[in-house]
Amino acid sequence: MSRSRVPEPLSVAELLHFGPLAKAQVFAADDLDRQVAAVALVAELDQIHQCEPHSAVVLHGAAALGAWALESALRLAWERNAACLLAPAEITVTTPTAQLAERLRVPLFVVADPARSALELAAAISDTEAARARLTARCAVLFGERATARDIVGVINTEVPGVITALVTDDGHVLAGRSAADRSQGSHRVEVAVPGPDGRPWATLVAQLAAWSPSWVETVRTILRLARAPLAATVGRAWLTPVFQAAKEKLLLHTLLTAPDATVERQARDVGWRLDGEHIAVFLKPSERVPGPAEVATPGVVVAWRESFGDLPLIPREDGWLSWWTAVPGGPAEIATRVHDHLAAAALPIPLVAGIGVPGKDLPGLTRSISEAILAAAVASRPGGNPVEQFGDLGPRAVLACLPVDDIAAAARVALVDLINAPDAEVLLTALTALLDCAGSTGQAATRLGVHRNTVLGRLERIRARGIDLDSPDQRLALHLACYALLSADTPT
């Protein structure tokens, strides 16, 4: 037969932060984690001898006449291991009395009406679940009134007694709260996963508890769970703001590149874009293996970019995101290194590749550099491409990367069926490509392939035997495209 769990007594800290002691004047507040098991209203000091351990001792009447009586009550409370001591407001707590309370580690409170406080304390500790429910409800209300993650986590650290909390990422970065919570280990630790606006894991709320009991742990865990939705909402707002701005900048850039005039250029300069000088464009593109539309990744891509290059724009385009550097020492190579490091280290929602354009002066040069960066990014996104490609290293070959490779490869498998069906088709196809790249020079092709020239001549004869005529100008361009497509297509030849 199962038994219902008995809730543990409230602590002095709980009674202070959300209970009947909330309005009391506090002295010796260094030991508030004591649990309060009972309440004793005493009119004579001798009555303290009969108090149960862990009682909240409330003085009134003769027991509260003067500072000497209060100091005697403190000593007696310490002997009985009382949880705390309450005195009426008529007693002036002198500095020596406060120091005595601190030395004995007996929390001392001054209240306006001791009898009423005793009744309220008794009611609170008799129904601990209700008291903790009030704390949970108060935190829920305060969560709804806070607009930032820092403020929401601050509610927990302020309102929940004996608990320090932090919001941390998977790699241990503290987003908000007290870092000591994440550094602490052991059983007094509660963790709750916090999803982002897209429902995927985003961060973890970590709480370190000074006191441990099953009821208190459940209360803290409930409060942390209540904080998850407001925290996700703050992330959503943080993501939407840059996305909204990026959408406006997308329209502005389109107008700037297609129909520039003085008004558009002024608007571009107003948002911080540099239009004069030597520009180098960068185009980010999802890698080939990313399924589905990439638009949903725009918030994460933009936020990550601004964390690395906060002063540079990143504007969404139809199939990627565009930026540009102006007057950068080191040129495209330096930018390629920095972008490569960013793609490797940033917390990106999808894997990206990048293309780097050739430097161009002023707005016409920027327009050309953008086109080059887009072509280079197309090469980078192909299987086998580098994560960052520079158009200056690719040249016109980048155009080939933008062709419908799979369609061309399908046609080539029909047109070059004899070559494709050869036992050494891949060797012959590679040799044919090298010969076409080298304008028919068997010596250069042998150097590229790393074989003897006679080997190339032998392969050339086998290629000709399959009906391939390299000497026909009408076929040479088509052959070159077919070879490129067959070697680049996803499906094997």
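Coordinates for the structure precede this section.
Reference entry: report on the structure contained in this document. On a predicted model such as this, the values are computed, not experimentally measured, just so you know. (Residues numbered from 1 in each chain as written. Predicted model: local features only at pLDDT ≥ 70, side-chain atom pairs only at ≥ 80, totals over all residues. Heavy atoms only, no water.)

1. Thoughts on the pattern of salt bridges
Heads up, the condition is: What counts as a salt bridge is simple: a side-chain nitrogen of Lys or Arg found within 4 Å of a carboxyl oxygen of Asp or Glu. Put simply, DSSP marks the helices as runs of H or I at least four residues long and the strands as runs of E at least two long, and each gets a number from the N terminus on. Buried residues are those whose accessible area, probed at 1.4 Å on protein chains only, stays under 20% of the maximum for their type, while exposed residues exceed 50% and partly exposed ones sit between those limits.
For the coordinates displayed, the defined rule picks out 11 salt bridges. As a salt-bridge pair, R138 and E159 come within 2.8 Å of each other at their nearest N and O atoms. Here R138 is found in helix α5 (residues 128–145), whereas its partner E159 is found in helix α6 (residues 149–159), with 21 residues between them in sequence. Of the residues examined, E159 reaches a relative accessible area of 13% and is grouped as buried. Linked through salt bridges whose partners overlap, the residues forming this network are E265, R269 and D276.

2. Re α5
Short version of the rule: One fewer than the residue count of a helix, multiplied by 1.5 Å, yields its expected span. Here, the arc refers to the directions that run from the helix axis to the C-beta atoms.
In a regular helix each residue adds 1.5 Å, so 18 residues correspond to 26 Å; α5 covers 26 Å between its end C-alpha atoms and thus fits that length. Every buried residue of α5 is accounted for by T128, A131, R132, L135, T136, C139, L142 and F143. Each buried residue of α5 lies within a common arc of 140 degrees when the element is viewed along its axis, so the set occupies one face. Counted as exposed and oriented over 90 degrees from the buried face of α5: V141, G144 and E145.

3. Details of unusual backbone geometry
Positive phi outside glycine occurs at H54, with the angle close to 65 degrees. Residue position: H54 is located in the loop between β2 (38–42) and β3 (55–59).

4. A closer look at the environment of A354
In plain terms, the rule: Every residue pair with non-hydrogen atoms within 4.5 Å of one another is taken to be in contact.
With respect to the helices and strands, A354 occurs in strand β13 (residues 352–356). Assessed through its relative accessible area of 0%, A354 is described here as buried. In this structure, the C-alpha to C-alpha distance between A354 and V388, residues 34 residues apart in sequence, is 4.7 Å. The residues contacting A354, other than those within four sequence positions of it, are F283, L284, V339, L343, A377, A380, P387, V388 and E389.

5. Some words on the nonpolar core
Threshold: Definition of nonpolar core: a set of buried residues of the types Ala, Val, Leu, Ile, Met, Phe, Trp, Tyr and Cys, connected through side-chain atoms within 4.5 Å.
Core analysis: the largest hydrophobic core is formed by 29 residues, its most contacted members being I48, V57, L59, L70, L74, L85 and L108. Looking at this core, the elements with two or more residues in it are β2, β3, α2 (67–79), β4 (84–88), α3 (95–104) and β5 (108–111). The greatest single-element share of this core, amounting to 6 residues, is contributed by α2. Among residues more than four places away in sequence, those in contact with L59 are V42, I48, A64, L70, A73, L85, L86, P88 and P114.

6. Some remarks on the sheet that holds β4
Quick reminder of the rule: Strand pairing is assigned whenever DSSP detects at least two bridges linking the two strands. To define axes, lines are fitted to C-alpha atoms, for helices over the stretch in contact only, and angles between the resulting N-to-C directions are given on a 0 to 180 degree scale.
One open sheet holds the 5 strands; their spatial order is β1-β5-β4-β3-β2, and the pairing between them is mixed. This sheet does not close on itself; its edge strands, each paired only once, are β1 (25–27) and β2. Averaged over all pairs of adjacent strands, the angle between their axes in this sheet comes to 20 degrees, without regard to strand direction. Summarising the sheet, β3 and β4 pair through 3 bridges and their orientation is parallel. Of the residues in β4, the one forming a bridge with V58 is L86. Each of β3, β4 and β5 is contacted by α2, which is oriented at about 165 degrees to β4, the strand it contacts most. With respect to the sheet, helix α4 (residues 114–126) is in contact with β2, β3, β4 and β5, its orientation differing from that of β2 by roughly 165 degrees.

7. A word on the packing of aromatic side chains
Inclusion rule: Pairing of aromatic side chains here covers Phe, Tyr and the six-membered ring of Trp, requires ring centres within 6.5 Å, and sorts the geometry by plane angle: under 30 degrees stacked, over 60 edge-to-face, intermediate tilted.
Taken as a whole and assessed by the stated rule, the structure comprises 4 aromatic pairs. Taking the centre distance of 5.5 Å and the plane angle of 80 degrees together, the rings of W273 and W324 count as edge-to-face. Here W273 is found in the loop between α9 (262–270) and β10 (278–286), whereas its partner W324 is found in strand β12 (residues 320–326), with 51 residues between them in sequence. Relative accessible area serves as the criterion here: at 5%, W273 is assigned to the buried category. A centroid spacing of 5.9 Å and a plane angle of 75 degrees characterise the contact between W305 and W325, whose relative ring orientation is edge-to-face. Of this pair, W305 sits in helix α10 (residues 298–308) while W325 is found in strand β12, placing the two residues 20 residues apart along the sequence.

8. A closer look at the packing of α5 against α6
Going by this rule: Working definition: roughly parallel below 35 degrees, roughly antiparallel above 145 degrees, roughly perpendicular at 65 to 115 degrees, and oblique for all remaining angles. For any helix crossing, the convention is left-handed if the near helix is rotated counterclockwise from the far helix by under a right angle, and right-handed if that rotation is clockwise. Nonpolar residues are Ala, Val, Leu, Ile, Met, Phe, Trp, Tyr, Cys and Pro. Charged residues are Asp, Glu, Lys and Arg, and all others, Gly as well, are polar.
Where α5 contacts α6, the axes come no closer than 9 Å and their chain directions differ by 150 degrees. Taken together, the axes of α5 and α6 lie roughly antiparallel to each other. At the point where α5 passes α6, the crossing takes the right-handed sense. Only I152, V155, I156 and E159 of α6 make contact with α5, whose side of the interface consists of L135, R138, C139, L142 and F143. Broken down by class, the residue content of the contact of α5 with α6 amounts to 7 nonpolar, no polar and 2 charged.

9. Some words on the packing of helix α18 (residues 442–449) against helix α19 (residues 453–465)
Close contact between α18 and α19 brings their axes to 8 Å; oriented N to C, the two are set at 110 degrees. Judged on the interaxial angle alone, α19 and α18 are roughly perpendicular. Mapping the contact onto sequence places T442, G443, A445, A446 and L449 in α18 and R453, V456, L457, R459 and L460 in α19. When its residues are assigned to classes, the contact of α18 with α19 shows 6 nonpolar, 2 polar and 2 charged.

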